[in-house]
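Chain and residue survey
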Amino acid sequence: MATLNIPPALASPRDDAMQLHRAFKGFGCDTSVVINILAHRDATQRMLIQQEYRTIYSEDLLKRLSSELSGKLEIAILLWMHDLPGRDAIIVRQGLLPDISNIEAATEVICSRTPSQIQVFKQHYHAKFGVHLEHDINLYTSGDHKKLLLAYANTPRYEGREVDNVMAQDDAKTLYKAGEKKLGTDEKTFIRVFSERSGAHLAAVDYAYHNMYGKSLKKVIKGETSGHFKHALLTILQCSENPAKYFAKIYLSQVLRKAMKGLGTNDTTLIRVIVTRTEIDMQYIKAEYLKKYKKTLNDAVHSETSGHYRTFLLSLLGPNQ
């Protein structure tokens, strides 16, 4: 668990709420105060601050923040103020809607969560947006990608680590027949296996496949499928082996690098990764980034951002190492 740089003298949520209210008053907003408080409070503290704010001022803190802040800073702080399932709901909804459309991000969230996490974020989704997740997947995605997301979001899977090796070998044979062995690909079979099996079981299928046919499932997926469908299958597979390692190290350091490379910065991605991983595995992402790109993540973010937005992201990232 990453630690936030929480100030030594912990302020009470009530004091924080009152300080924020003072920062909003008068002409313009004292943004530095807002960042200084919120960037250094953990999830529980942020929730308590929201409750206190509502109690004292009969006003929703998120609505107030939204009216006081703007641009990228507003997006980042509002996402930060939500709990994990709430964030998942927002990222998936924005990813699916055609005007923003970031199908990769929506796919990444759905396909990297456990069945119980999916259940909770589906409830948040419905409460927040008044529609069921399945409705939006149906509306905004297509083909095999749609079928896989629907199956994955709706199938209760075993979450333990026990595996039936005979069944794993059977699944490996089934996937071989559905992919490499035939002309074309039987996508239905891939969807069934990948949406119904536990993470530990899929890792065992991958191992069995490699033993039997001398090839990793990752290679098979890359050769047999394409587009968003391929991305979804790979996310499920790689999270099954070691979600923490795959996510933090390999995937997210690359995503961040890509967001900051070349002309312009992909701020949506930058905000999404930094805000959602700060309290989970940011120290691993930072270490991997430094190892891979010979530059600290803090330095990269510093050179690609500016103003209060930069201050906020760097506060979340913590020490420059």
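Attention here is on the structure that accompanies the text.

So, how was this worked out
Residues numbered from 1 in each chain as written. Predicted model: local features only at pLDDT ≥ 70, side-chain atom pairs only at ≥ 80, totals over all residues. Heavy atoms only, no water. Helix = DSSP H or I, 4+ residues; strand = E, 2+ residues; numbered from the N terminus. Rg over C-alpha atoms; globule rule 2.2 N^0.38 Å. Buried < 20%, exposed > 50% of the residue type's maximum accessible area, 1.4 Å probe, protein only. Axes fitted to C-alpha atoms, helices over the stretch in contact; angles between N-to-C directions. Parallel < 35°, antiparallel > 145°, perpendicular 65-115°, else oblique. Left-handed = near helix turned anticlockwise from the far one by under 90°. Contact = heavy atoms within 4.5 Å. Nonpolar A, V, L, I, M, F, W, Y, C, P; charged D, E, K, R; others polar. Lys, Arg positive; Asp, Glu negative; His and termini not counted. Salt bridge = Lys/Arg side-chain N within 4 Å of Asp/Glu carboxyl O. Expected span 1.5 Å × (residues − 1). Arc of directions from axis to C-beta. Phe/Tyr/Trp six-rings, centres within 6.5 Å; stacked < 30°, edge-to-face > 60°. Lys NZ or Arg CZ within 6 Å of the ring centre and 35° of its normal. Core = buried A, V, L, I, M, F, W, Y, C linked by side-chain atoms within 4.5 Å.

Here we come to the overall build of the protein. Of the regular secondary structure elements, the protein holds 20 helices and zero strands. In summary, the protein has a C-alpha radius of gyration of 22 Å against a globular reference of 20 Å for 321 residues, a match within 12%. Seen through its principal axes, the protein has C-alpha atoms that stretch 70 × 45 × 40 Å. Across the 321 residues in the protein, those meeting the buried criterion constitute 48%.

To characterise two packed helices, one gives the angle between the axes of the helices and the distance between these axes. At their nearest, the axes of helix α6 (residues 84-96) and helix α9 (residues 133-140) sit 10 Å apart, and the two run at 25° to each other. One finds that α6 runs roughly parallel with respect to α9. You can see that α6 and α9 cross each other, and the crossing is left-handed. Contacts between α6 and α9 involve V92, R93 and L96 on the former and, on the latter, L133, D136, I137 and Y140. When grouped by side-chain class, the residues that make up the contact of α6 with α9 number five nonpolar, no polar and two charged.

Mapping D206 onto the fold places it in helix α13 (residues 199-213). The side chain of D206 is buried and forms no salt bridge, while K218, the nearest opposite charge, is found at 9.0 Å. The residues contacting D206, other than those within four sequence positions of it, are S216, L217, L237 and E241.

Our next topic: the environment of K249. Within the secondary structure, K249 sits in helix α16 (residues 243-260). The partly exposed category is assigned to K249, whose relative accessible area is 28%. Sequence separation between K249 and A151 is 98 residues; the distance between their C-alpha atoms is 27 Å.

Our focus in this paragraph is helix α1 (residues 13-24). For α1, which comprises twelve residues, the first-to-last C-alpha distance of 17 Å matches the rise-based estimate of 16 Å (1.5 Å per residue) to within 8%. Among the residues making up α1, those that are buried are D16, A17, L20, H21, A23 and F24. Axial view of α1: buried residues confined to an arc of 160°, hence all on one face. For α1, the secondary structure elements touched by its buried residues are α2 (31-38), α3 (43-57) and α4 (61-68).

The next point concerns the packing of aromatic side chains. Summed over all chains, the structure comprises eight aromatic pairs. The ring of Y152 is capped by R157, whose NZ or CZ atom sits 3.6 Å from the centre of that ring.

Okay, helix α20 (residues 307-317) next. Buried within α20 are the following residues: Y309, F312, L313, S315, L316 and L317. Next to the buried residues of α20 lie α2, α5 (71-81), α17 (267-277), α18 (282-293) and α19 (297-304). Phi turns positive one or two residues past the end of α20, at G318, with a value near 80°.

One finds L65, I77, F194 and F312 to be the most contacted residues of the largest nonpolar core, which totals 91 residues. If we skip the residues at most four places from it in the chain, I77 touches V34, I35, L38, L65, L69 and F312.

Moving on to the packing of helix α7 (residues 103-112) against helix α15 (residues 227-241). At their nearest, the axes of α7 and α15 sit 9 Å apart, and the two run at 35° to each other. With respect to the hand of their crossing, α7 and α15 are arranged in right-handed fashion. Residues I103, E104, T107, E108, C111 and S112 of α7 lie in contact with α15, whose contacting residues are H228, H231, A232, T235, I236 and C239. In the contact of α7 with α15, the residues fall into five nonpolar, five polar and two charged.

Our next topic: the pattern of salt bridges. What the rule picks out here adds up to 19 salt bridges. In this structure, D88 and R113 form a salt bridge, with 2.8 Å as the shortest nitrogen-oxygen distance. With D88 in helix α6 and R113 in the loop between α7 and α8 (115-129), this residue pair connects regions lying 25 residues apart in the sequence. Ionic pairing is found between E180 and K215, a salt bridge with its closest N-O pair at 2.9 Å. With E180 in the loop between α11 (165-178) and α12 (187-196) and K215 in the loop between α13 and α14 (217-224), this pair connects stretches of sequence that are 35 residues apart. Assessed through its relative accessible area of 29%, E180 is described here as partly exposed. Taken together, the shared-partner salt bridges connect R46, R87 and E279 into one network.

What follows covers unusual backbone geometry. Glycine aside, residues mostly have negative phi angles, and peptide bonds mostly take the trans form. In the Ramachandran plot, S58 falls in the positive-phi region, its phi being about 45° despite a non-glycine side chain. For S58, a relative accessible area of 65% puts it in the exposed group. The backbone of K294 sits at a positive phi, close to 55°, despite the residue not being glycine.

Tracing the sequence through the fold places Y284 in helix α18. Separated by 272 residues in the primary sequence, Y284 and S12 have C-alpha atoms spaced 30 Å apart.

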